[in-house]
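Here are the chains, one letter per residue:
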Amino acid sequence: MRTRTRIALIIALSTTFGQTLIFLVASILTGNWKLLVWSSSFGVLVGIPVLLIVMRQIRLKKA
């Protein structure tokens, strides 16, 4: 795996799951669960397509 592809994969994973974890902690601390639902949904909506694009690029590089 090339360095740029590896960096893109790390960024996509951290965007998708890291942001959700941050807002989970914020929701636990504040007790406002709407914060988790609204904030993490946008992170997942952006992160999943980017993750799929990166995984496609990894597959194309291996073939």
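One can find the structure itself at the top, above this paragraph.
Residues numbered from 1 in each chain as written. Predicted model: local features only at pLDDT ≥ 70, side-chain atom pairs only at ≥ 80, totals over all residues. Heavy atoms only, no water.

(A) Examining the nonpolar core more closely. Formed by Leu9, Ala12, Leu51, Val54 and Ile58, the largest nonpolar core amounts to 5 residues. Where this core is concerned, the elements lending two or more residues are α1 (3-30) and α2 (33-62). For this core, the element with the most residues is α2, which contributes 3 residues. With near-sequence residues (within four places) excluded, Ala12 lies in contact with Val50 and Leu51. (Core = buried A, V, L, I, M, F, W, Y, C linked by side-chain atoms within 4.5 Å. Buried < 20%, exposed > 50% of the residue type's maximum accessible area, 1.4 Å probe, protein only. Helix = DSSP H or I, 4+ residues; strand = E, 2+ residues; numbered from the N terminus. Contact = heavy atoms within 4.5 Å.)

(B) Spatial organisation of the packing of α1 against α2. Relative to each other, α1 and α2 sit at 170 degrees, their axes nearing to 9 Å. Viewed along their axes, α1 and α2 adopt a mutual orientation that is roughly antiparallel. Between α1 and α2 lies a crossing whose hand is left-handed. When grouped by side-chain class, the residues that make up the contact of α1 with α2 number 18 nonpolar, 11 polar and no charged. (Axes fitted to C-alpha atoms, helices over the stretch in contact; angles between N-to-C directions. Parallel < 35°, antiparallel > 145°, perpendicular 65-115°, else oblique. Left-handed = near helix turned anticlockwise from the far one by under 90°. Nonpolar A, V, L, I, M, F, W, Y, C, P; charged D, E, K, R; others polar.)

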